[in-house]
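# Structure at a glance
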Amino acid sequence: VQLQAFGGGFVQPGGSLRLSCAASGDIFSINDMGWYRQAPGKQRELVATITSGGTAKYANSVRDRFTISRDNAKYTVYLQLSGLEPEDTAIYYCSAEIETVVGWDDIWGQGTQVTVSS
């Protein structure tokens, strides 16, 4: 089972990006999915999470600018980033609680770089 993230890139302040992350493999079910980020020299931090029922939670720093969503049929989670600021520059990682034949596990994607600069 693996998660693969897409959609990072370079954007000017105030711009937008959409990240996606798809799970693949022998998946029985997926509980919470989420996005985290790690800026240079800083610890990894939570950005947003979403339950299988669609309940979302956000870090205060992104609450009014980012939107998390998911497509359960496609095992995919999305993160719409709007109103981007230089402080949002980081590697963005997706994560999911995934049930397989051997039980539940927290799986991480490989990360996608988001750079916000003028």
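For the structure, see preceding data.
Residues numbered from 1 in each chain as written. Predicted model: local features only at pLDDT ≥ 70, side-chain atom pairs only at ≥ 80, totals over all residues. Heavy atoms only, no water.

## Description of the overall build of the protein
As a reminder of what qualifies: By definition, any uninterrupted DSSP run of H or I lasting at least four residues is a helix, any uninterrupted run of E lasting at least two residues is a strand, and each is numbered from the N terminus. Only protein chains enter the accessibility calculation, which uses a 1.4 Å probe. A residue is then buried if its area is under 20% of the maximum for its type, exposed if over 50%, and partly exposed in between. Whether two residues are in contact is decided by their heavy atoms: any pair within 4.5 Å suffices. Exposure was quantified through the Shrake-Rupley algorithm and a 1.4 Å probe, taking into account, for residues, occlusion by the shown protein chains and nothing else. When charges are tallied, Lys and Arg are placed among the positive residues and Asp and Glu among the negative ones, while His and the ends of the chain are skipped. Lys charges are placed at NZ, Arg charges at CZ, Asp charges at CG and Glu charges at CD.
Secondary structure summary: the protein contains zero helices and 11 strands in total. When its helices and strands are written in sequence order, the protein yields β-β-β-β-β-β-β-β-β-β-β. Its C-alpha atoms give the protein principal-axis dimensions of about 45 × 25 × 20 Å. Put simply, the protein has 118 residues, and 42% of those count as buried. The long-range fraction of contacts in the protein, counting pairs at least 24 apart against all pairs at least 6 apart in sequence, stands at 55%. In the structure as shown, the protein presents an accessible area of about 6300 Å², 46% of it carried by carbon and sulfur atoms. Across the protein, the 9 positively charged side chains and the 12 negatively charged ones have centroids separated by 5 Å.

## Looking at the sheet that holds strand 1 (residues 2–6)
Filter applied, for reference: Here, a strand pair is defined by DSSP locating no fewer than two bridges between the strands. Helix axes use the C-alpha atoms of the stretch in contact, all axes being lines fitted to C-alpha atoms, and the angles between their N-to-C directions lie in the range 0 to 180 degrees.
Reading across the sheet, the four strands line up as 1-3-8-7 and stay open at both edges, with antiparallel pairing between neighbours. With one partner strand each, in any of the chains shown, strand 1 and strand 7 (66–71) form the two edges of the open sheet. Geometrically, the sheet is characterised by an average inter-axis angle of 15° between neighbouring strands, direction not taken into account. The sheet contact formed by strand 7 and strand 8 (residues 76–81) spans six bridges and is antiparallel. Following the sheet pairing, D71 is matched in strand 8 by T76.

## Some remarks on unusual backbone geometry
Here the phi dihedral of Y75 falls at roughly 50°; this positive angle occurs in a residue that is not glycine. Locating Y75 in the fold gives a position in the loop between strand 7 and strand 8.

## Regarding the state of the cysteines
Cut-off, in case you're wondering: Cysteine sulfur atoms that pair up within 2.5 Å are treated as a disulfide.
Under the definition given, this model contains one disulfide. Shown here is the disulfide that connects C21 with C94, its sulfur atoms set 1.9 Å apart. Residues C21 and C94 share a disulfide whose torsion about the S-S bond is about 55°; that sign makes it right-handed. Taken together, the residues span a long stretch of sequence, with C21 in strand 3 (residues 17–24) and C94 in strand 9 (residues 90–100) at a distance of 73 residues.

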